[in-house]
Amino acid sequence: MSILSTEQVSHSFNDKWLFNDLHFALQKGDRVALVGINGTGKSTLLKILAETVIPNKGRVVKEKGLRIGYLPQDPNFSDFKTINDFIYSAENEQQQLIKEYEYMIDNQDVSSKKFLDLTDKLTELNAWEYENNIKSILNRLQIKNFEQHIDSLSGGQKKRLALAKLLIDEPDIYILDEPTNHLDIETIEWLEKLLTTGSKTVLLVSHDRYFLDNICTEIRELDKGNIFLYKGKYAYFLEKKAERESNDILAADKARNLWRKELDWMRRQPQARGTKSKARIEAFYDLEDRSKGPRQKDLVELSVKVSRQGGKILELENAGFTVANKTIIKSFSYTFKKGDRIGLAGKNGSGKTTFLNLITAAISPTQGTIDIGETTKYGYYKQEGLQAKPEERVLDVVKNVADFIEMKNGEVITASQLLTKFLFPPEKQFGLVNKLSGGERKRLLLMRVLMANPNFLILDEPSNDLDIDTLNVLEDFLEQYPGILILVSHDRYLLDKLTDQLFIFTGEGEVVIYNGNYADFKLEQEEASKTTEKKIEKAKVVVEKKQKLSFKEQKEYETLEVEIAELEEQISILTTDLSTTTDHLLLQQIAEDIENKKTSVESKTERWLTLAELA
């Protein structure tokens, strides 16, 4: 039974119908990936299901009391001032109590009775574990300063904050639009485990193929206003999608050929409809509809000239960067050579962007030297996206770089022709840039980077917001790209396919060179972890095989029982003091003392039990 569904939903955007009479339903426990090309309406459908957008026609039906958690591509925080205001919901009693508790801890003027009443309520609602869960999620998503104003956060920080809030609220349905954007690989792997724990209901849009495979059991494609369902992983979806499109194109081509013959018959027959076969006339109009089916799909053409590469490309000699007494990159040396395909890996804030700014001479090293070859020509695709003025047209953005572009085969084409190859038809070319979808803006930025014919290509999170078809063409282009490639991506599939070497940023300033792709690196880490676990198990077996206690262990065993009894007596006395004390500071000190002693009792009891078994 569906817990969330649409009833004959229709919606248009910029005078274009995205879908008509669409039916989309989710059942409890479904984990669904929604895919489709840019501009087809994926994000709009998510907004309609999350009830942040009202459809032009139809409605959304949901189970009574259903709580929907929605993560948009660009979260809106207009009603909130600080992180604290956003995280703790006014309607959630547990969250409000935790917020009040945090306030009292930092405020010296709060009465001890009020503090005691609050701790009783927190205990009654079992909120201590909930508080720990909140802190764990915020820490994992690198959110630490709760009093920081939201206006001061970067786009990536805002996206992580919105994701943290959604995970804390634990909704009945998780609707996620590009949740992996601005997350490092370790955090993505943590998020995968969280979303697949229990029977969570998840609907997401993502271009991260490993993420889709690890979370979703079903893929639904939104194509020309219709939903196509695929039970299986991403590779299965690609295979079946290709089969479906091929069959549809063949059927439409066949209908078009037959329609031309029937059109000739319609024209040759007398105008009086009564003299013609009524059934054949009806068949003609049905055939006309089928002849309007799909044709061979146009794909982005990535075929640009690569500038000649000289002997010296880029040399780093003990290069480093320090700012405000913090070392971002320590002494690092590397000589780039032809054919290098390098992935940058590391947590957010570990120095990857600083490294890119150093090698492109956007900033200068504070130690060592960086020597760029005379023939080295950079193409830098930045994850910040395309910067354009509101009044700029798509064609203007390209002509600002060049009016004519030389292709790989030596052909020289105009800016307008190149735009057409990148699937920007004339009506789009003369439209405003701010009318493009997020994915179309990224495609336009990619085109601008490649049209400069770079021989040293830097791609910073290229998979964000690009549709699947463009991504597949980009991958094919990059596999054949003869220049130097540096790839920064949270997309593990992309890293595995396109790189054979990693620069791993540890976060402590060190850059470790690893020969292999991300899958090799991950496998090596897992094997090292298993080796450590085996050593621990072996040590446990050695302990278990001991037949009797040593003299030292015997003395420890005899004294532990006395120490445990003394600690329990002290806890009893402190507990009595806790119920009679009114001083707020003393109350907090006693509570901490009790917790410390309880921890000590648990530790000593565990050791006593181990020795008792050996005895």
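Residues numbered from 1 in each chain as written. Predicted model: local features only at pLDDT ≥ 70, side-chain atom pairs only at ≥ 80, totals over all residues. Heavy atoms only, no water.

**Comments concerning the overall build of the protein chain**
Thinking step 1. Each helix and strand in the protein chain was counted, giving 20 helices and 21 strands.
Thinking step 2. The 615 residues of the protein chain split such that 45% are buried.
Thinking step 3. About 32,900 Å² of surface is accessible on the protein chain, with carbon and sulfur atoms providing 49% of the total. (Helix = DSSP H or I, 4+ residues; strand = E, 2+ residues; numbered from the N terminus. Buried < 20%, exposed > 50% of the residue type's maximum accessible area, 1.4 Å probe, protein only. Areas by Shrake-Rupley, 256 points an atom, 1.4 Å probe, with all protein chains shown as cover.)

**Some points on the pattern of salt bridges**
Thinking step 1. For the structure shown, the criterion picks out 27 salt bridges.
Thinking step 2. Close ionic contact of Lys347 with Glu186 constitutes a salt bridge, the shortest N to O distance being 3.6 Å. Residue Lys347 is found in the loop between strand S13 (341–345) and helix H11 (352–359), and its partner Glu186 is found in helix H7 (residues 185–195); the two are separated by 161 residues along the sequence.
Thinking step 3. For Glu186, a relative accessible area of 42% puts it in the partly exposed group.
Thinking step 4. Several salt bridges converge on common partners, so that one network encompasses Glu189, Glu192, Asp208, Arg492 and Lys522. (Salt bridge = Lys/Arg side-chain N within 4 Å of Asp/Glu carboxyl O.)

**Some remarks on the UniProt feature "coiled-coil region" (unreviewed entry) in the protein chain**
Thinking step 1. Under the present numbering, the feature "coiled-coil region" (unreviewed entry) in UniProt falls on residues 550–577.
Thinking step 2. Strand forms 0% of residues 550–577 and helix 96%; the C-alpha atoms that close the span are 41 Å apart. (UniProt positions renumbered as here; feature names shortened; annotations may be inferred.)

**Section: the sheet that holds strand S8 (residues 201–205)**
Thinking step 1. With respect to topology, six strands assemble into an open sheet ordered S6-S7-S8-S4-S9-S10, the strand pairing being mixed. Both outer strands of the open sheet, strand S6 (68–71) and strand S10 (226–230), are each paired with one neighbouring strand and no more. Looking at each pair of strands side by side, their axes are set apart by 15° on average, direction ignored.
Thinking step 2. In the sheet, strand S4 (residues 31–35) pairs with S8 via three bridges, with the strands oriented parallel. Note that in S8 the partner of Val32 across the bridge is Leu203. (Pairing = 2+ DSSP bridges. Axes fitted to C-alpha atoms, helices over the stretch in contact; angles between N-to-C directions.)

**Description of the side chain of Thr187**
Thinking step 1. Assignment of secondary structure puts Thr187 in helix H7.
Thinking step 2. On the basis of relative accessible area, Thr187 is assigned to the buried category, the value being 4%.
Thinking step 3. When near neighbours in sequence (up to four residues on either side) are disregarded, Thr187 contacts Arg140 and Leu141. (Contact = heavy atoms within 4.5 Å.)

**Observations concerning the sheet that holds strand S20 (residues 501–505)**
Thinking step 1. With respect to topology, six strands assemble into an open sheet ordered S15-S18-S19-S13-S20-S21, the strand pairing being mixed. If you trace the sheet from one side to the other, it starts and ends with strand S15 (378–381) and strand S21 (511–515), each paired once. Neighbour to neighbour, the strand axes of the sheet diverge by 15° on average, direction disregarded.
Thinking step 2. Alignment of S20 against S21, held across five bridges, turns out to be antiparallel. Bridge pairing in S21 links Gln501 to Asn515.

**Quick notes on helix H1 (residues 42–49)**
Thinking step 1. Buried residues dominate H1, accounting for six of its eight residues.
Thinking step 2. Looking only at H1, the buried set comprises Lys42, Thr44, Leu45, Leu46, Ile48 and Leu49.

**Considerations on the packing of aromatic side chains**
Any two aromatic rings considered together are summarised by their centre-to-centre distance and by the angle between their planes.
Thinking step 1. Evaluation of the coordinates by the stated rule reveals 17 aromatic pairs.
Thinking step 2. Residues Phe477 and Tyr481 carry aromatic rings whose centres are separated by 5.9 Å and whose planes lie at 45° to one another, so their mutual orientation is tilted.
Thinking step 3. Aromatic pair Tyr518 and Phe521: ring centres 6.3 Å apart, planes at 55°, arrangement tilted. Taken together, the positions of Tyr518 and Phe521, both in helix H18 (residues 518–544) and three residues apart, correspond to about one turn of that helix.
Thinking step 4. Tyr518 gets classed as buried once you look at its relative accessible area, which sits at 8%.
Thinking step 5. Its relative accessible area of 16% is what places Phe521 among the buried residues.
Thinking step 6. Each residue in the set Phe332, Tyr334, Phe336, Phe355, Tyr378, Phe456, Phe503 and Phe505 is aromatic and connected to the rest through ring pairs, giving one cluster. (Phe/Tyr/Trp six-rings, centres within 6.5 Å; stacked < 30°, edge-to-face > 60°.)

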